[in-house]
4 protein chains.
Amino acid sequence: MKKIRLGILGGGGDSLIGVLHRVASFINDNYEITGAVFNPVWEENIGFAEKIGIPTNRIYKDFDTLIAEELKLPADERIQVCSILTPNFLHFPMAKKLLENGFHVICEKPMTNTYEEAKILADLVAKTGLHFALTHTYTGYPLVRQLREMVHSGAIGKVQKVDVQYYQGWINPIIHDKEKRSTTWRLDPTKAGISCCMGDIGTHAFNMVEYTTGLRVTSLLADLNYLYEDNQMDIDGNVLLRLQGGVKGVLRASQIATGEENGLKISVYGDRGGLTWEQENPNRLLVRSDDGALQVYTPGHSYNSALSLGGTKLPPGHPEGIFDAMANIYLGMARAIRQQNPHVAEFPTVIDGVRGLNFIESTVASQKGGNVWIDLDQQS
Amino acid sequence: MKKIRLGILGGGGDSLIGVLHRVASFINDNYEITGAVFNPVWEENIGFAEKIGIPTNRIYKDFDTLIAEELKLPADERIQVCSILTPNFLHFPMAKKLLENGFHVICEKPMTNTYEEAKILADLVAKTGLHFALTHTYTGYPLVRQLREMVHSGAIGKVQKVDVQYYQGWINPIIHDKEKRSTTWRLDPTKAGISCCMGDIGTHAFNMVEYTTGLRVTSLLADLNYLYEDNQMDIDGNVLLRLQGGVKGVLRASQIATGEENGLKISVYGDRGGLTWEQENPNRLLVRSDDGALQVYTPGHSYNSALSLGGTKLPPGHPEGIFDAMANIYLGMARAIRQQNPHVAEFPTVIDGVRGLNFIESTVASQKGGNVWIDLDQQS
Amino acid sequence: MKKIRLGILGGGGDSLIGVLHRVASFINDNYEITGAVFNPVWEENIGFAEKIGIPTNRIYKDFDTLIAEELKLPADERIQVCSILTPNFLHFPMAKKLLENGFHVICEKPMTNTYEEAKILADLVAKTGLHFALTHTYTGYPLVRQLREMVHSGAIGKVQKVDVQYYQGWINPIIHDKEKRSTTWRLDPTKAGISCCMGDIGTHAFNMVEYTTGLRVTSLLADLNYLYEDNQMDIDGNVLLRLQGGVKGVLRASQIATGEENGLKISVYGDRGGLTWEQENPNRLLVRSDDGALQVYTPGHSYNSALSLGGTKLPPGHPEGIFDAMANIYLGMARAIRQQNPHVAEFPTVIDGVRGLNFIESTVASQKGGNVWIDLDQQS
Amino acid sequence: MKKIRLGILGGGGDSLIGVLHRVASFINDNYEITGAVFNPVWEENIGFAEKIGIPTNRIYKDFDTLIAEELKLPADERIQVCSILTPNFLHFPMAKKLLENGFHVICEKPMTNTYEEAKILADLVAKTGLHFALTHTYTGYPLVRQLREMVHSGAIGKVQKVDVQYYQGWINPIIHDKEKRSTTWRLDPTKAGISCCMGDIGTHAFNMVEYTTGLRVTSLLADLNYLYEDNQMDIDGNVLLRLQGGVKGVLRASQIATGEENGLKISVYGDRGGLTWEQENPNRLLVRSDDGALQVYTPGHSYNSALSLGGTKLPPGHPEGIFDAMANIYLGMARAIRQQNPHVAEFPTVIDGVRGLNFIESTVASQKGGNVWIDLDQQS
């Protein structure tokens, strides 16, 4: 199948979000990176393309040039979809112009800086019929999808309570230092919008509530936390939620929950059962009921829903981290081939293979000899 | 940087190992897939290349042709390294011929079917100076590397005990059915070598022992388990180990540990501490000592070793499954662009973005109003 | 040391709370049960005393008689302290009369039905100088005490956020059945006071907040949940908290969190660290910091505080459930002595001892023989 | 019901095992401690009896006197059963003499020092018809009993694999110090018998295998670990097991698994399922099957067996540690009554009760006021 032509805006240099999007685009063999503006500085832009091995003929000097030049190409060569990985304030103008010129959009979160801008984009999407994906990444986990499908299929009955938490601690070392808190862009409303904690992670938690329950939040009451008078941005907060049908919920988000890493967790309780998922242990879905034993669902089993199974590539018991583990071995090999002197333990070698076969044959020999000691070869 | 030219042998169709190697080769931007023999059947071979979007001009009809044709190309265009993902019995002849013709090799496990063959490859690698990576994938996990570095740096003192386990249950539904157990290739010694459990997973456990401790196993005593007289292949076993310096260990592996998924676990105890890692929860390393509190190491922190940090791409608290989660969103978008009617919940859309901004602005309004209820817009 | 003379009010029959108080009074060898009114029905009262082997001469027909008769005894024979385990509405009148007559009081929760009554008791305690213990049992856990001591000693710096949860699901099967919800005493305000969920378990969570932080709650905002219009009692709720010094917190309690058993959990975050404890896994205290590894404290170690160690009777790694496990063996033996035909597996017998010694001697023989197989005696 | 008259041998002073047996004997209201020899030194013996409030008239100066004097009493006053908590070498002579004189016996582990002695006791029990309980305490846990009942009822089908582990680390700080290892009684064969690790904890693991599976071990092969040449006692070891019917198993025990506390764990796998229990988290039984979700059994549910439920006193979600937690509150109260100046946080007082009621009434007021802030009273 022909690959979809993907353009990338931002995400150059050491950007983690850039790595994440490129790998994600590769994993299911659907996309090729056709063009990009990785960086506003030309040398870094083109240098990065070379470093990661992207053809440089469609690396553009800026966003407007990308639009202009791509539009000159015939439709079947033109970029079809662009991923917006730039600083937040650029999300809205870039998405708007892309939609106006016929490009599908994949956009990092937050989609825009204001609700007004958001509605403008929604209108454009509706009018143009183009596709727009917002990367609320957590909804991509197989067991988040399983959770959603179980709620929707009635497996836990009528929803009666929702509790979502998103706890991080990374702002703690910043907030108590007046110098640091006045210079961090996340805490500057001119750069990060009107909210820090709610805007950055509360919105993920909110999306999880609506995604998993299929219920809209109808109203809320928030108690936000600023810690210092000279800090204008919330860094923690508790929000009471009312969902459709009068269902009550609570959303708790924090960036000063000292020592927490990325503690996103959601529980949905219905009149027939309860479901809990935690991002830091994403391969487990806890399934509770009134009188049965706690069940722990894992991905890839026949008891999972089609939507969940469609997002699972590995057999049960293999955390997706195995992609990364294998990638690290390829990385070591690349260093070796490039004579970059890989670390001694960076990849297993032929000697490990020799040892392995010696092991296997020795176990069988021990068994056949009546469970006796067998010496392994110490030459290799 | 110019990408390394990678050839792929096997791994076509629905092969999971094929996906794993392709993604791993992509993740750090080092490789491009230049040529391949994905499948011995030509239509499937070329069809698969087209499906995953690999240029078809260097898809060869068989392995020998690949070698012959690539050797005709100038060295700076030729495939540099081949990944062998074919059935086990082909590993040895392919690896041997690749090495004899100047190609680096990445080889799936088991490296060969016999110890004799393994030693031949080792000699070839030594003689040619080529690189050979055996994909004992688990050694690529950041915290396995951390475990190894802590043992090597003396953090737990002198090693005095090693315990490794690899428990799966997948053969249970096969072994008790005479028809099934006589037709499963894993249980056929002519196809799978002299051992099933030790050959398939015991060898991973063995490699973990030597990798993490840096100590060679010097001798062993095995008690293997066959369950039925007409079954010639071990499906479970316990192995007593003696390591260099007289250190004692035990290795337990099973494919009839009913209901276990992929339970690889290792504990190394020294005279100053103990370390435990489990594959099913790979982002935690348990660190014990005589009188201190149990410590739980996670990846990406400053307390981790350089080798461990070099294999970590994400910030603390983000399991690598996030690559997969993001990939699932890209997959939904691809289906939408291709008008394949993605599932309603397969990716977040602009409407989710509108909802998110409405949420953020409402939380701030609630706070400013003195923690009062704010209605969310129900039009969008 | 002479035992303290303890009187018991209520707690007869199958009362779990009765067992809990009797065992607790026994554990540290401080009390003897001297008198009681276990039950308002005389036959059950005296019958229960006989069943549990309490001398019957000071089993009284009712509470007023107990007071009157005990006051006739010389002070050094008289009951010193009474445990009130009766229905809630009796707590206040009994506690009041006990204090007015010079008895110390141990009182189950809730202390009274109203705040007004509570203040009357507090005044009496202040005036009389008598001791009054309210059994907020969770504060007795060694690691809750450790948590408190760490907060107080400054180990996590200045408290900046508190999150407490108490989730149960037991009312779920009741609340959706109109008949059941109208006949359950817990949901009847005339019997259970003005609140169900907050009164029964919210108050435990509240106590944990003030106990562990040492900070008073200064104000709150509650959102309670009733589910049905004909139900007058809250069965779930979220409460926003403001503590002394402006510290913000959130308290969540539920009896309709379907499938949850007794999910009490508290997290306290300060500017130098964070602490988390869960009642369902009470032997672990999670200790977090900005940049260090997560630490897991367990009871009985030298790193614990004096208050924590003072409440620990067992060595590390032994959950207190071992009291119960041992008690079950004593129970089996009692049944055997009383010729009540204990279950075959209810206690280990001399045959288990014979097997054990055969095992031990065989292991040593196997070792001495060079790790060879030794047959165990199959006669015993 | 009349209490069973219990005698105690040993267990005085700070003995933990003494506390454990006394509490266990109390918990189900079956026993009264009628007589004892707590200590061979008379002052300590009688002093301890006074300290814990046991009547001193039947505290005897030594074991032989206890036997002689008790035999003079009429049968319905005489001690019926004795608990032997003395040093190991006394177990055999005491148990023998007790049985020969008509007393039931509860005996700490190991039952005797040798297999020969063990068989003598077994013969005596058979001949006299007296009851003999050996305190393999772990078999008393509700979920160990549940595990056993599930195996026996066929819930996991035919047993095909057993794996038991008992890992501790407490000998690590001793074994590497020549002075310490030569003076620790556990490492002195004249005091502790022929085995340290296998005798002390291996035997518990062995008992768990036979108890849970109902299968006898028929033969074994052991590899024991001594670490130093001058150490004659095993401190670690791996034992291969063969059970009735040819079932294979492995037993691993260690006292040099540095940092491990009391890591007893057993897994039993059958052809229809697998079961795992861990002592350090005793309220969870993991239940696995080929294709279903992992189930986590907890005590006290209707899905548990009668034997398991018979050993459960508390509702689901309450770890038995609650006995201890409540006992700590009683302890604080005792100190207060005795004017021993309890720690400020040692028990909740009437003030906590006042605070609690203020909390409850405030939550309802906040709700009724439309979820508004309510100030709590700061006077109390």
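Since this is a predicted model, take the numbers as computed values, not measurements. (Residues numbered from 1 in each chain as written. Chains lettered and ligands numbered in written order. Predicted model: local features only at pLDDT ≥ 70, side-chain atom pairs only at ≥ 80, totals over all residues.)

1. A closer look at the interface of chain D and chain C
So, point 1. Taken together, the 129 residues of chain D in the interface contact 128 residues of chain C.
So, point 2. With 17 residues, helix 13 (residues 350-368) of chain D is the single largest residue contributor to the side of chain D that touches chain C.
So, point 3. Within the side of chain D that touches chain C, the residues separate by chemical class into 66 nonpolar, 43 polar and 20 charged.
So, point 4. The pairing of strand 7 (residues 217-225) of chain C with strand 14 (residues 373-375) of chain D spans 3 bridges and is antiparallel. Directly across from Leu 221 of chain C, in strand 14 of chain D, lies its bridge partner Trp 373 of chain D. (Contact = placed C-beta atoms within 7 Å. Helix = DSSP H or I, 4+ residues; strand = E, 2+ residues; numbered from the N terminus. Nonpolar A, V, L, I, M, F, W, Y, C, P; charged D, E, K, R; others polar. Pairing = 2+ DSSP bridges.)

2. Focus: the interface of chain D and chain A
So, point 1. Facing the 13 residues of chain D at the interface are 13 residues of chain A.
So, point 2. In terms of residue count, strand 13 (residues 294-297) of chain D provides more of the side of chain D that touches chain A than any other element does, 4 residues in total.
So, point 3. The residue makeup of the side of chain D that touches chain A, split by class, is 7 nonpolar, 5 polar and 1 charged.
So, point 4. Bridging between strand 13 (residues 294-297) of chain A and strand 13 of chain D involves 3 bridges; their strand directions are antiparallel.

3. Looking at the relation of the copies chain D and chain A
So, point 1. For the pair chain D and chain A, the superposition axis carries a translation of 0.0 Å, the fit reaches an RMSD of 0.0 Å, and the rotation angle comes to 180°. In symmetry terms, the pair is related by a two-fold rotation axis. Scanning chain D for the C-alpha nearest the rotation axis identifies Gln 295 of chain D, at a separation of 2.2 Å. (Least-squares fit on C-alpha atoms with pLDDT ≥ 70 in both.)

4. Details of the pairing of strand 9 (residues 248-254) of chain A
Residue and element names in this part refer to chain A.
So, point 1. Among the 7 residues of strand 9, 7 are classified as buried, and the element is accordingly described as predominantly covered.
So, point 2. As paired strands, strand 6 (residues 159-167) and strand 9 are joined by 7 bridges and run parallel to one another. Residue pairing across strands places Lys 161 opposite Lys 248, the latter belonging to strand 9.
So, point 3. Pairing between strand 8 (residues 236-243) and strand 9: 7 bridges, direction antiparallel. Counted as the bridge partner of Arg 242 is Lys 248 from strand 9. (Buried ≥ 20, exposed ≤ 12 C-beta atoms within 10 Å, placed from the backbone.)

5. Side note on the sheet that holds strand 3 (residues 81-85) of chain D
Residue and element names in this part refer to chain D.
So, point 1. With parallel pairing, the 5 strands of this open sheet are ordered in space as 2-1-3-4-5. Taken across any chain shown, the strands that pair with only one partner, and hence form the sheet edges, are strand 2 (31-37) and strand 5 (132-134). Shown here is a sheet whose adjacent strand axes are inclined to one another by a mean of 20°, direction ignored.
So, point 2. Bridging between strand 1 (residues 4-10) and strand 3 involves 5 bridges; their strand directions are parallel. The residue of strand 3 that forms the bridge with Leu 9 is Ile 84. (Axes fitted to C-alpha atoms, helices over the stretch in contact; angles between N-to-C directions.)

6. Let's talk about the confidence of the model for chain A
So, point 1. Per-residue confidence for chain A averages 89 on the pLDDT scale, and 98% of its residues sit at or above 70.
So, point 2. Overall fold confidence for the complex sits at a pTM of 0.91, while the interface term, ipTM, reaches 0.88. (pLDDT = per-residue confidence, 0-100.)

7. Some details on the pairing of strand 3 (residues 81-85) of chain A
Residue and element names in this part refer to chain A.
So, point 1. The element strand 3 is largely enclosed, with a buried count of 5 among its 5 residues.
So, point 2. With burial as the criterion, each face of strand 3 is covered, one bearing Val 81, Ser 83 and Leu 85 and the other bearing Cys 82 and Ile 84.
So, point 3. Both strand 3 and strand 4 (residues 104-107) contribute to a ladder of 4 bridges, which runs parallel. By the bridge assignment, Cys 82 is partnered in strand 4 with Val 105.
So, point 4. The β-α-β motif built from strand 3, the intervening helix 4 (residues 88-100) and the parallel element strand 4 has right-handed crossover chirality. (Right-handed = clockwise from strand over helix to strand, strands pointing away.)

8. What about helix 3 (residues 63-72) of chain B?
Residues and elements named next belong to chain B.
So, point 1. Here helix 3 has its buried residues at Phe 63, Leu 66, Ile 67 and Glu 70. The buried side chains of helix 3 occupy one side of the element, clustering within an arc of 95° when seen end-on. Structural note: helix 3 exposes Asp 64, Thr 65, Ala 68 and Lys 72 on the side pointing more than 90 degrees away from its buried face. (Arc of directions from axis to C-beta.)

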